[in-house]
Amino acid sequence: MNTPVIVWFRKDLRLADNPALFKACQTGQPVVATYILEDQAQIDFPLGGASKWWLYHSLMSLSAALDGLGIPLILRRGNPRQILDALCQETGADTVHWNRMYDPYAQTRDTEIKAFLTNNGITVHSFNASLLVEPWHVATKTGTPYKIFTPFWRQARNVMSSPPPLPRPECPPAFQQSLQSDHLTDWSLRPHPSYWAAPLAAQWLLPSGAGIGEDAAQNRLDDFITCALPDYDTGRDRPDQKKTSQLSPHLHWGEISPRQIWSALELIDPLHDYSGQFRAELGWREFSTHLLYHFPQITTENLRREFDPFPWRDEPAALAAWQKGRTGIPIVDAGMRQLWDTGWMHNRVRMITASFLVKHLMIPWQQGAAWFWDTLVDADLASNSASWQWVAGSGCDASPYFRIFNPVLQGEKFDPLGDYVRRWVPELKNVPAKYIHKPWNMTQPPASYPAPIIELGVGRTRALEAYKNIQN
DNA sequence: TGAAATGTTGGGGCG
DNA sequence: ACGCCCCAACATTTC
């Protein structure tokens with residue numbers, strides 16, 4: 001048998017613990033791998049700028065790794081159904097493997113492609129590579145999807161099967177025929193303006209960063225487990241310290257699987273003595289995917305429809321100030337600048353900046369979500385949508401609308417010395433800790449730093465007033 | 001995975 | 001020694 005099995009890579013850019021690839025290699029047939037870049041104009045949530053940048057480097061890494069197995073990675077651009085069809089015809093393949101995706105667009109697309117290929121006599125096998133528990137494996141007693149995290153996660157841990165992760169596959173027989181493949185550099189994945197790429201590279205690529213791809217993800221996990229995990233419960237809230245895993249972009253692109261992480265945790269903390277909180281963060285990722293699968297409208301619509309008449313404000317100038325980190329609120333500006341520079345923001349600060357946009361500025365959460373979607377290297381449709389609705393109060397398990405973060409108090413609590421603010425807002429580098437989160441109280445605030453675009457007390461009162469009016 | 005307003009308590013200063 | 005007031009410190013309620 002010299003006809004190959006085709007493995008369609010999507011959000012599973014790794015060799016180890018990759019069931020679609022592993023099973024393909026087990027057949028004893030040659031393996032042809034492909035990544036297909038879809039026409040972004042046809043997609044409801046086209047790749048953001050930071051995501052494209054990450055994808056470029058992740059594909060470079062995957063391509064090199066597959067090369068080591070003698071598997072060609074065929075890059076093609078266009079309609080996946082047509083491209084898979086063509087690849088099957090060019091190679092004589094009668095089997096296609098992929099690992100499942102769960103967002104509404106991919107669900108529809110994959111169902112349609114599977115039907116098409118099956119009709120043409122091609123066998124399609126799909127696998128779970130990116131979740132501990134797939135969305136249809138947990139349900140409440142009445143059979144409905146979970147809407148609250150805690151009971152969801154309790155049941156998920158019960159039904160979760162955790163077989164050991166699959167190893168990297170052995171080399172399959174070589175595939176001799178040469179196939180047309182695009183050049184990655186022709187895909188325009190690297191950002192415009194191009195200077196944006198420099199700080200991203202400094203953050204994530206060697207030598208200063210850990211790198212992108214499967215090996216980098218594994219190294220990052222190992223580092224995190226030794227250095228930060230023991231102190232995770234309190235450390236994770238400190239943006240001025242490196243106490244989070246920063247695995248989110250690796251997880252999003254599938255450079256590492258949650259099952260690999262879970263299994264590493266089982267080895268060092270089988271009784272969940274000190275890794276429970278970190279495991280729960282993986283749980284939030286599972287929960288978000290569960291929500292998006294069962295409530296696909298959460299990407300654009302309030303899950304709680306009583307929020308529909310909320311008097312959101314249309315304020316392009318305030319939105320722009322927030323995006324650029326020029327609101328005059330130090331912890332907010334620090335976070336937004338960290339996001340722009342590195343494609344990543346500490347989770348505590350994500351909550352603070354999001355709360356400020358949605359509550360103090362009363363700008364629709366969709367506008368904040370759109371900015372995060374474009375600028376985060378870990379932009380994930382499920383996590384992004386669910387988390388913004390959580391902050392806005394319009395999600396089912398959301399924080400009540402009146403729970404408004406005070407950025408000054410949050411800053412003083414979680415960045416007590418002001419180191420995080422000073423790192424990202426150089427205008428404030430000489431401000432003492434006493435004033436670092438409220439420079440407007442100084443007799444002479446630094447002239448180069450903007451005054452607050454809204455007085456915090458005013459914003460809070462205005463938001464509460466608006467909320468009161470939609471309650472009845 | 002809040003913050004602010006309001007209520008309660010108890011120790012100490014003072015007449 | 002006693003009652004009164006003040007006000008932290010903590011608890012509870014409200015948004």
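Rules of the game
- Residues numbered from 1 in each chain as written.
- Chains lettered and ligands numbered in written order.
- Predicted model: local features only at pLDDT ≥ 70, side-chain atom pairs only at ≥ 80, totals over all residues.
- Helix = DSSP H or I, 4+ residues; strand = E, 2+ residues; numbered from the N terminus.
- Rg over C-alpha atoms; globule rule 2.2 N^0.38 Å.
- Buried ≥ 20, exposed ≤ 12 C-beta atoms within 10 Å, placed from the backbone.
- Axes fitted to C-alpha atoms, helices over the stretch in contact; angles between N-to-C directions.
- Parallel < 35°, antiparallel > 145°, perpendicular 65-115°, else oblique.
- Contact = placed C-beta atoms within 7 Å.
- Right-handed = clockwise from strand over helix to strand, strands pointing away.
- Pairing = 2+ DSSP bridges.
- Expected span 1.5 Å × (residues − 1).
- Near = placed C-beta within 6 Å.
- Nonpolar A, V, L, I, M, F, W, Y, C, P; charged D, E, K, R; others polar.
- Domains from an automatic or database assignment.
- Core = buried A, V, L, I, M, F, W, Y, C linked by C-beta atoms within 7 Å.
- Arc of directions from axis to C-beta.

(A) Focus on the overall build of chain A. When helices and strands are counted, chain A shows 19 helices and 5 strands. In summary, chain A has a C-alpha radius of gyration of 23 Å against a globular reference of 23 Å for 472 residues, a match within 12%. With the C-alpha coordinates of chain A rotated into their principal frame, the extents come out at 80 × 55 × 50 Å. Burial status across chain A gives 44% buried among its 472 residues.

(B) Summary view of unusual backbone geometry. Each neighbour pair has its own omega, and for L206 with P207 the value is 5°, a cis peptide bond. Along the chain, P207 falls in the loop between α6 (197–204) and α7 (214–227). Despite not being glycine, Q246 shows a phi value in the positive range, around 55°. Its location among the elements puts Q246 in the loop between α8 (232–235) and α9 (248–252). At M362, a position not held by glycine, the phi torsion is positive, near 55°. Among the structural elements, M362 can be located in the loop between α14 (347–360) and α15 (365–375). Owing to 20 C-beta atoms within 10 Å, M362 belongs among the buried residues under this scheme.

(C) Representation of the packing of helix α5 (residues 149–159) against helix α11 (residues 276–294) in the model. Interhelical geometry of α5 versus α11 gives an angle of 105° and a closest axis separation of 10 Å. By the angle between their axes, α5 is roughly perpendicular relative to α11. Seen from α5, the contacting residues are F149, F152, W153 and A156; seen from α11, they are A280, G283, W284, E286, F287 and H290.

(D) Focus on the pairing of strand β2 (residues 31–37). Counting buried positions over the 7 residues of β2 gives 7, a clear majority of the element. In β2, alternate side chains face the same way, and those of V31, A33, Y35 and L37 on one face and V32, T34 and I36 on the other are all buried. The handedness of the strand β1 (residues 5–9) to β2 crossover, carried by helix α1 (residues 19–26), is right-handed. Across 5 bridges, β2 lies against strand β3 (residues 73–77) in parallel orientation. Within β3, the position partnered with T34 by the bridge is I74. In this region the chain leaves β2, passes through helix α2 (residues 49–68) and returns to the parallel neighbour β3; the handedness of that crossover is right-handed.

(E) The environment of H290, seen in detail. Along the chain, H290 turns up in helix α11. We classify H290 as buried; it has 27 C-beta atoms within 10 Å. Those residues in contact with H290 that sit more than four places away from it in its chain are P135, V138, P145, Y146 and F152.

(F) Structural detail: the sheet that holds strand β5 (residues 123–127). If you trace the 5 strands from one edge of the open sheet to the other, you get β3-β2-β1-β4-β5, paired in parallel fashion. Each edge of the open sheet is held by one strand with a lone partner, namely β3 and β5. The sheet shows a mean angle of 25° between the axes of neighbouring strands, direction not considered. For β1 and strand β4 (residues 95–99), the ladder comprises 4 bridges, and the chain directions are parallel. Note on β4: the bridge partner recorded for V7 is H97. Along the sheet, α2 makes contact with β1, β2 and β3, crossing β3 at roughly 145°.

(G) Region of the structure containing helix α13 (residues 330–342). When the terminal C-alpha atoms of α13 are compared, their 18 Å separation across 13 residues agrees well with the 18 Å that a helix rising 1.5 Å per residue should span. Counting buried residues along α13, 10 of its 13 residues qualify, which places the element largely inside the surrounding structure. The complete set of buried residues in α13 reads P330, I331, V332, D333, A334, G335, M336, Q338, L339 and T342. Positive phi shows up at G343, right after α13, with a value of about 75°.

(H) Summary view of the protein's contact with DNA strand B. Taken together, W284, S399, F402, R403, I404, F405, N406, L409 and Q410 are the residues near DNA strand B. Per-class residue counts for the surface near DNA strand B are 5 nonpolar, 3 polar and 1 charged.

(I) Focus on the domain arrangement of chain A. Taken domain by domain, chain A holds domain 1 (5–129), domain 2 (130–164 + 213–294) and domain 3 (305–471). Here the C-alpha centroids of domain 1 and domain 3 sit 38 Å apart. Of the residues belonging to the side of domain 1 that touches domain 3, the class tally is 3 nonpolar, 3 polar and 1 charged.

(J) Spotlight on the nonpolar core. Core analysis: the biggest nonpolar cluster contains 116 residues, and I6, V7, V31, A33, L84, L376 and V421 have the highest contact counts within it. If we ignore the near neighbours within four places in the chain, the residues touching L84 are I6, W8, V96, I113 and L117.

(K) Representation of the packing of α11 against helix α16 (residues 381–392). Orientation of α11 relative to α16, taken along the N-to-C sense of each, is 90°, at an axis distance of 8 Å. Here α11 is positioned roughly perpendicular relative to α16, judged by the angle of their axes. Where α11 approaches α16, its residues R285, S288, T289, L291 and L292 are matched on the opposing element by L381, A382, S383, S385 and A386. Its residues assigned to classes, the contact of α11 with α16 comprises 5 nonpolar, 4 polar and 1 charged.

(L) View of the pairing of β1. With 5 of 5 residues buried, β1 lies mostly within the body of the structure. Burial of the side chains of β1 extends over both faces: V5, V7 and F9 are buried on one face and I6 and W8 on the other. The pairing of β1 with β2 spans 5 bridges and is classified as parallel. Directly across from V5, in β2, lies its bridge partner V31.

(M) Main features of α5. Within the span of α5, buried status applies to F149, F152, W153 and A156. The arc that holds the buried residues of α5, viewed along the axis, is 90°, so those residues lie on one side. Looking at α5, the residues exposed on the side facing more than 90 degrees away from the buried face are T150, R154 and N158. Looking at the buried residues of α5, the elements they touch are α11.

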